[in-house]
Amino acid sequence: MISPLEVAANAVMAVSIVLSGRNNIHSWWIGVVGCAMFAALFYSVNLYADVALQLFFIVTCLIGWLQWLRGAGGAPLPITHARLRALGWMTATGLLASAAYGLMLQAYTNAYAPFIDSAVLMFSVVAQLLLMGRRVETWPFWLLVNTVSVPLYASRGLYLTALLYAAYWLNALASWLFWRRQMRAQAAA
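Residues numbered from 1 in each chain as written. Predicted model: local features only at pLDDT ≥ 70, side-chain atom pairs only at ≥ 80, totals over all residues. Heavy atoms only, no water.

**Comments concerning the overall build of the chain**
Now for step 1: The secondary structure content of the chain amounts to seven helices and zero strands.
Now for step 2: Written out in order from the N terminus, the α and β elements of the chain read α-α-α-α-α-α-α.
Now for step 3: For 189 residues, the compact-globule estimate of 2.2 N^0.38 gives 16 Å, and the C-alpha radius of gyration of the chain, at 16 Å, lies within 12% of that figure.
Now for step 4: When its C-alpha atoms are laid out on the principal axes, the chain stretches across 55 × 35 × 25 Å.
Now for step 5: The proportion of buried residues among the 189 residues of the chain is 45%.
Now for step 6: Here the chain displays about 9,300 Å² of accessible surface, and carbon together with sulfur accounts for 73% of that area.
Now for step 7: Where the 10 positive side-chain charges of the chain centre and where its 4 negative ones centre are 18 Å apart. (Helix = DSSP H or I, 4+ residues; strand = E, 2+ residues; numbered from the N terminus. Rg over C-alpha atoms; globule rule 2.2 N^0.38 Å. Buried < 20%, exposed > 50% of the residue type's maximum accessible area, 1.4 Å probe, protein only. Areas by Shrake-Rupley, 256 points an atom, 1.4 Å probe, with all protein chains shown as cover. Lys, Arg positive; Asp, Glu negative; His and termini not counted. Charge placed at Lys NZ, Arg CZ, Asp CG, Glu CD.)

**Observations regarding the packing of helix H5 (residues 114-132) against helix H6 (residues 138-155)**
Now for step 1: Where H5 meets H6, the closest approach of the two axes is 9 Å, and the angle between their N-to-C directions is 155°. In terms of axis orientation, H5 runs roughly antiparallel to H6. For the element pair H5 and H6, the recorded crossing hand is left-handed. Residue-level inspection shows Ile-116, Asp-117, Val-120, Phe-123, Ser-124, Val-126, Ala-127, Gln-128, Leu-130 and Leu-131 of H5 in contact with H6, the latter providing Thr-138, Trp-139, Phe-141, Trp-142, Leu-144, Val-145, Val-148, Ser-149, Leu-152 and Tyr-153.
Now for step 2: For the contact of H5 with H6, the class distribution of residues is 15 nonpolar, four polar and one charged. (Axes fitted to C-alpha atoms, helices over the stretch in contact; angles between N-to-C directions. Parallel < 35°, antiparallel > 145°, perpendicular 65-115°, else oblique. Left-handed = near helix turned anticlockwise from the far one by under 90°. Contact = heavy atoms within 4.5 Å. Nonpolar A, V, L, I, M, F, W, Y, C, P; charged D, E, K, R; others polar.)

**Looking at H6**
Now for step 1: The end-to-end C-alpha distance of H6, which contains 18 residues, comes to 26 Å, matching closely the 26 Å that a straight helix rising 1.5 Å per residue would cover.
Now for step 2: Listing the buried residues of H6 in full gives Thr-138, Trp-139, Phe-141, Trp-142, Leu-143, Val-145, Asn-146, Ser-149, Leu-152 and Tyr-153.
Now for step 3: Gly-157 lies just past H6 and shows a positive phi near 80°. (Expected span 1.5 Å × (residues − 1).)

**Some remarks on helix H1 (residues 4-21)**
Now for step 1: Its 18 residues give H1 an end-to-end C-alpha distance of 26 Å, which sits within 8% of 26 Å, the value for a rise of 1.5 Å per residue.
Now for step 2: Residues Glu-6, Ala-9, Asn-10, Met-13, Ser-16, Ile-17, Ser-20 and Gly-21 constitute the buried set of H1. Along the axis of H1, the buried residues cluster in a sector spanning 135°; they form a single face.
Now for step 3: In this fold, the buried residues of H1 make contact with helix H2 (27-44), H5, H6 and helix H7 (159-188).
Now for step 4: Positive phi appears at Asn-23, one or two residues downstream of H1, with a value of about 65°. (Arc of directions from axis to C-beta.)

**Observations regarding the nonpolar core**
Now for step 1: In terms of nonpolar packing, the biggest core is built from 53 residues, with Trp-142, Tyr-153 and Trp-179 touching the most fellow members.
Now for step 2: Breaking this core down by element, the ones donating at least two residues are H1, H2, helix H3 (48-70), helix H4 (84-108), H5, H6 and H7.
Now for step 3: Top element by residues in this core is H5. It accounts for ten residues.
Now for step 4: Apart from the residues lying within four places of it in its own chain, the contact partners of Trp-142 are Phe-57, Ser-124, Ala-127, Gln-128, Leu-131 and Ala-172. (Core = buried A, V, L, I, M, F, W, Y, C linked by side-chain atoms within 4.5 Å.)

**A look at a nonpolar patch on the surface**
Now for step 1: Together, Trp-169, Leu-170, Leu-173 and Leu-177 make up an exposed nonpolar region whose accessible area comes to about 360 Å².
Now for step 2: Relative to the elements of secondary structure, Leu-170 occurs in helix H7.
Now for step 3: Take Leu-170: its relative accessible area is 55%, and that puts it in the exposed class. (Patch = residues over 30% accessible without salt bridge, like charges linked within 9 Å, V, L, I, M, F, W, Y side chains within 5 Å. Salt bridge = Lys/Arg side-chain N within 4 Å of Asp/Glu carboxyl O.)

**What to know about a positive patch on the surface**
Now for step 1: A contiguous patch of positive charge on the surface is contributed by Arg-22, Arg-180, Arg-181 and Arg-184.
Now for step 2: For Arg-22, the position within the fold is in the loop between H1 and H2.
Now for step 3: You can call Arg-22 partly exposed: its relative accessible area is 45%.

Shown next, in the form of structure tokens:
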């Protein structure tokens, strides 16, 4: 049965995620509200890495909001590419941290799917850091996270959340294309 909390959390986060894909600053404060709701939801189904992730998202939503407000020397923060070296160390760190956190969850909690849950956590962190800096590579990482999240949430009976993460996958693809067009338009201006 779908709980009212799951419905509300998904509704709020859908608005936030669509707005972020459209490069809209309001995605950040709406995200704080949705993440708090998801933290409570994930705690109720023993997805503890996802609870930690939501707490991380709350903090980074506040930081991202400030970064986007401040911009780049008074101008809007431009969409740019991340350096290849940075992407390499972020990916390696994400893999190692997923394994380490998964081992910890497996040893000390009753977490469901500790390694998969940890991978969702760690690569969401990578994607969020890239989003905060308006790096176009955020969207392939969100595609990866959403690909893993859909079956994870469905396996816990969070069918609405799984369905919405499938929609987030489509949003990430559309947003990647949208941001690439915006980046080209910035370069031409």
